[in-house]
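Working through the structure, step by step
The chain contents come next:
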Amino acid sequence: MFILVDGLGMGGSNPDVNPVYSGVCPNLLNLLTCHAGSLDAGLGVAGIPQSATGQTALLTGVNAARHMGRHVSGFPGPSLRKIIRENNIYDKLAHRGYSSTFANAYYVSDVNEVAGRKIQSVTTVAALKAFGGVRDQALMEQGRAVYQDLTRASLRARGYEGPVQTPAQSAQALVAIAREHDFTLFEYFQTDRAGHKGTWAELQRILGLFDEFLADLLPFTREEGVLFVLTSDHGNIEQFGARSHSMNPVPLVATGPGSDFLKKTAFSLTDVTPALLELYPCKNSSQ
Ligand SMILES: [Zn+2]
């Protein structure tokens, strides 16, 4: 199980600056202090790390910032999309004989609507390439996809009239998906949003929600044979007041089989996919 948390760096422990240390997310804090290595998010390129190049590097192993000559924010353009389509971890795992999935729900009735969007996230481009689609509204309502805000509350503004979820229910849905696959990715980006715009209270609320979600994931992550990884594309939320991304390294939380290897092997965003692949040896002996 791989959780990509957008905008979560390894900051200092001052609880007036870093909301992770302010008492609202004990499960996350424990993972960061007891089970995490750290990754350089700078990719050897000057400037502030950004999402499009950072996430591409994480999920492909390609130094996307160096390829572009700069850090690219937000959403990938044609060059980055090409790198994602050609190098994403899902396809590499499939080639080795493993199943993978992207657990996030998209609030659409027709997945072609997502494929037709001009703006697509790194995770969207990767899922469309590898799986030919994404999890839609119907799957979400069956509990077979997890909406990014962990509660579906933000979907009210888009006309959603179904029940809201607790973060615990979202965690249970994610666990059920993970049990059916060798590799499951879930992306949470409210942390980055809150870091850009949020008040202190909002940062704490977002981290608290995520921590409730983590609380219900942790029993699964401790089961035998489960490798749990939580990392980020760049810092942000851990540095209150800046309202921009930080230069801090990002955590590489890893528990379960292979976790020590990951933490000893990966020191940059580009190291994560190659190190993970080492843990998934080819099943097909002809390859
Ligand atoms: Zn951001």
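Since the structure is predicted, the reported quantities are computational estimates derived from the model, not experimental observations.

1. What about the overall build of the protein chain?
A count of helices and strands for the protein chain gives 13 helices and 6 strands. The globule rule puts the C-alpha radius of gyration for 287 residues at 19 Å, and the 18 Å found for the protein chain is close to it. On the principal axes, the C-alpha backbone points of the protein chain span a range of 55 × 45 × 40 Å. Counting across all 287 residues of the protein chain, residues that qualify as buried make up 47%. Residue pairs at least 24 apart in sequence account for 70% of intrachain contacts in the protein chain once pairs closer than 6 positions are excluded.

2. Re unusual backbone geometry
Outside of glycine, negative phi angles account for most residues, and trans bonds account for most peptide bonds. Phi is positive for Leu43, close to 60°, though the residue is something other than glycine. Take Leu43: it is sitting in the loop between β2 (36–39) and α2 (51–60). Using a count of 23 C-beta atoms within 10 Å as the deciding quantity, one classes Leu43 as buried. Phi angles above zero are rare outside glycine, and Arg152 is one such case at about 70°. Relative to the elements of secondary structure, Arg152 occurs in the loop between α8 (137–141) and α9 (167–179).

3. Digging into the nonpolar core
Grouped burial of nonpolar side chains is what soluble globular proteins tend to show. Ranked by size, the top nonpolar core spans 81 residues in total, and within it Leu174 and Phe210 carry the most contacts. When residues in this core are grouped by element, the largest group, 8 residues, is from helix α11 (residues 200–221).

4. Focus: the sheet that holds strand β5 (residues 228–231)
The strands that make up a sheet are held in pairs by hydrogen bonds between backbone atoms, and each pair lies either parallel or antiparallel. Taken in spatial order, the 6 strands of this open sheet run β2-β6-β5-β1-β4-β3, and their pairing is mixed. Edge positions in the open sheet fall to β2 and β3 (100–102), since each of these has one partner strand only. For this sheet the average axis-to-axis angle between neighbouring strands, irrespective of direction, equals 20°. Relative to strand β6 (residues 250–255), β5 runs antiparallel, the two sharing 4 bridges.

5. So, the environment of Gly133
With respect to the helices, strands and loops of the structure, Gly133 is situated in the loop between α7 (122–131) and α8. The class of Gly133 is partly exposed, set by 15 C-beta atoms lying within 10 Å. For the pair Gly133 and Asn88, spaced 45 residues apart in the sequence, the C-alpha separation amounts to 15 Å. Beyond its immediate chain neighbours, meaning those up to four positions away, Gly133 contacts Val111 and Leu128.

6. A closer look at the packing of helix α1 (residues 26–34) against α11
Geometrically, a packed helix pair is captured by the angle between its two axes and the distance between the axes. Orientation of α1 relative to α11, taken along the N-to-C sense of each, is 70°, at an axis distance of 7 Å. With respect to α11, the axis of α1 lies roughly perpendicular. Every residue of α11 that contacts α1 at Pro26, Asn27 and Leu28 is listed here: Leu207, Phe210, Asp211, Leu214, Ala215 and Leu218.

7. Overview of the environment of Thr191
Here Thr191 shows up in helix α10 (residues 190–197). For Thr191, a count of 24 C-beta atoms within 10 Å corresponds to the buried category. When the C-alpha atoms of Thr191 and Asp149 are compared, they prove to be 10.0 Å apart, with 42 residues separating the residues in sequence. Contact partners of Thr191, with chain neighbours within four places excluded, come to Val5, Asp6, Gly7, Leu8, Ile206, Phe210 and Ile237.

Thresholds applied
Residues numbered from 1 in each chain as written. Predicted model: local features only at pLDDT ≥ 70, side-chain atom pairs only at ≥ 80, totals over all residues. Helix = DSSP H or I, 4+ residues; strand = E, 2+ residues; numbered from the N terminus. Rg over C-alpha atoms; globule rule 2.2 N^0.38 Å. Buried ≥ 20, exposed ≤ 12 C-beta atoms within 10 Å, placed from the backbone. Contact = placed C-beta atoms within 7 Å. Core = buried A, V, L, I, M, F, W, Y, C linked by C-beta atoms within 7 Å. Pairing = 2+ DSSP bridges. Axes fitted to C-alpha atoms, helices over the stretch in contact; angles between N-to-C directions. Parallel < 35°, antiparallel > 145°, perpendicular 65-115°, else oblique.

All quantities given are derived from atomic positions and should not be read as evidence of function.
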